[in-house]
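# Coordinate inspection notes
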Amino acid sequence: MTRALSSNWNMVPAIRRSPVAAAPQHRLSAAFVPEARRSAPAMLFSRYLLPVMKETPADAQIVSHQLMLRAGLVRQTAAGIYAWLPLGLRVLNRIADLVRREQDRAGAIELLMPTIQSADLWRQSGRYDAYGPEMLRFQDRGGREMLYGPTNEEMITSIFRDCVRSYRDLPRTLYHIQWKFRDEVRPRFGVMRGREFLMKDAYSFDLDAEGGRASYDAQFTAYLRTFAALGLRAVPVRAPTGPIGGDLSHEFHILADTGESEVFYDSALDAVDLADADAPAMLRGLYAMEAEEHAKVENCPVPPERLASRRGIEVGHIFFFGTKYSHAMGLQVQAKDGTQVTPLMGSYGVGVSRLVGAIIEASHDAGGIVWPDSVAPFDVGLINLRPDDALCATAAAEAEARLEAAGLSVLHDDRDARGGEKFATMDLIGLPWQIIIGPKAAAAGLVELKRRATGERHEVSLDDAMARLKGPRAA
RNA sequence: CGGGGAGUGGCGCAGCCUGGUAGCGCAUCUGCUUUGGGAGCAGAGGGUCGCAGGUUCGAAUCCUGUCUCCCCGACCA
């Protein structure tokens, strides 16, 4: 498959580097394996598909959408539907890999359910009629009613029902990372509110409420870890709960002025380090509510001067809904005492594709995107200012080899373009580090190392540059 | 779903009111000169003006219909 692709792309027979070998760290393995990234050859800009734009497309309103288009991450193909171009896909995959890693660590088990579902399944839960026009419905050639899944509660319940008979098979939490479709009335904000979106959704099955609570807490903690690993601060706020009540529904919000929803919280929360292992316990006593839920509160326990109100981008939502689907769909397992019990369920979503936009909202500057190290499409952008200069070419080749050997992913701008254009492009696409090879520094045996986030740049030896680059990745 | 706006080379736009056979900037290609923050000169390629009807000698322009996209509001990961 990859081979066929490469022959399509490269009409030139003798290429310096096969794009096959240069294939990114695509997930052939289910687990997050940093080693898989080791010694991947640098991607040459001149052989990549990276259509950057100087001008901002008129349709894009918010900055993340504008930057995603300008940096060549996505192309819109219909309202709320996007094609992921190579650079964007790398980011999407890295986010998915991080989400996967934390799900696995939390004990969840990955599977993959289809995008297309049958209406019959949804009739079992009664949601086929309840869901409304957001659900994309159609018929196959046999006239059977089908739909493009907006979520998978019915399907996972059906699968679990068919696979599991005994209490011994519980508890389990299953997840997949799959495309969903919701026919939003009004898609907007690029991938942050598209109709088609990539989502991690997990589903827990427990024998009793206590177990359900434990499964919920495990996901809660996994979410804190996931967002921290992504370089994001996403605060959990209570969301409207289902029939069970209590506080078993949280939304995770990245606080940003462009957020679509409003959240209210005790400003003491601003001081909580969400990456800390004790964060879940610290959060337990702190008031934080999604707007609708906050409105229901009659006596807000937070003194007015400490009540903060911010806009938030919802990037995760978890909730516990008990037997809603298991009961409706006849999922039962035999208990230790021989009786049939109906498992309690929860579901846990992360908007993977939405996160790409959300991260950019939270991390950009006048020059363009500023990727967190953990999700950057490439670790390092290598700029050779004089590809035709022998000394520079040698220096660039050496830098490239060293970076590859160190397991760093590299985009090498080998284009025959002027410095200014290369700088602007590299800043726009936001790779965390830049190594710049110029004639003067090269003559002195030095390279220039630039940190995108701060703009800091230093002329250093290649050894020193490598030492600095390895530092943050080891963390 | 209500209200508004827009469809003209890849991107951003002008032309439309007052019909006469399509233009500007960026991008692309060629050559020369350049080369550390989106270069200069010279030349070149690329557009059924969203689509379908209609009016007219003649339609990007006027009329009708239709599709698509965007914005504001109500709703959602």
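The present account deals with the structure reproduced in this document.

Rules used throughout
Residues numbered from 1 in each chain as written. Chains lettered and ligands numbered in written order. Predicted model: local features only at pLDDT ≥ 70, side-chain atom pairs only at ≥ 80, totals over all residues. Heavy atoms only, no water. Buried < 20%, exposed > 50% of the residue type's maximum accessible area, 1.4 Å probe, protein only. Helix = DSSP H or I, 4+ residues; strand = E, 2+ residues; numbered from the N terminus. Contact = heavy atoms within 4.5 Å. Pairing = 2+ DSSP bridges. Axes fitted to C-alpha atoms, helices over the stretch in contact; angles between N-to-C directions. Parallel < 35°, antiparallel > 145°, perpendicular 65-115°, else oblique. Left-handed = near helix turned anticlockwise from the far one by under 90°. Nonpolar A, V, L, I, M, F, W, Y, C, P; charged D, E, K, R; others polar.

Most of helix 11 (residues 352-362) sits inside the fold, with nine of its 11 residues counted as buried. Along helix 11, the positions that sit buried rather than exposed are V352, S353, L355, V356, G357, A358, I359, I360 and E361.

Our focus in this paragraph is the environment of V164. Counting through the fold element by element, V164 comes out in the loop between helix 6 (153-163) and strand 8 (172-181). The spatial distance from the C-alpha of V164 to the C-alpha of V333 is 7.0 Å, given a sequence separation of 169 residues. Among all residues touching V164, those that are not within four sequence positions of it are D169, L170, Q332 and V333.

Each full turn of the α-helix corresponds to 3.6 residues, which orients residues three or four apart in the same direction. Within helix 6, eight of the 11 residues are buried, which leaves the element mostly enclosed by the surrounding structure. All buried positions along helix 6 are accounted for by E153, E154, M155, I156, T157, S158, F160 and R161.

Taking strand neighbours across the sheet as the criterion, the three strands line up as 5-7-6 in an open arrangement whose pairing is antiparallel. Edge positions in the sheet fall to strand 5 (116-118) and strand 6 (136-139), since each has one partner strand and no second. Recorded for the sheet is a direction-independent mean angle of 35 degrees between the axes of neighbouring strands. The pairing of strand 6 with strand 7 (residues 145-148) spans four bridges and is antiparallel. Within strand 7, the residue paired with R137 across the bridge is L147.

On to the packing of helix 3 (residues 86-105) against helix 11. Two elements in contact, helix 3 and helix 11, have axes separated by 9 Å at closest approach and are oriented at 115 degrees. Our classification of the angle between helix 3 and helix 11 gives roughly perpendicular. As helix 3 runs across helix 11, the sense of the crossing is right-handed. Contacts from V91, L92, I95 and A96 of helix 3 reach helix 11 at V352, S353, L355, V356 and I359. Residue composition of the contact of helix 3 with helix 11, grouped by class: eight nonpolar, one polar and no charged.

No statement about biological role is implied by the geometric values presented.
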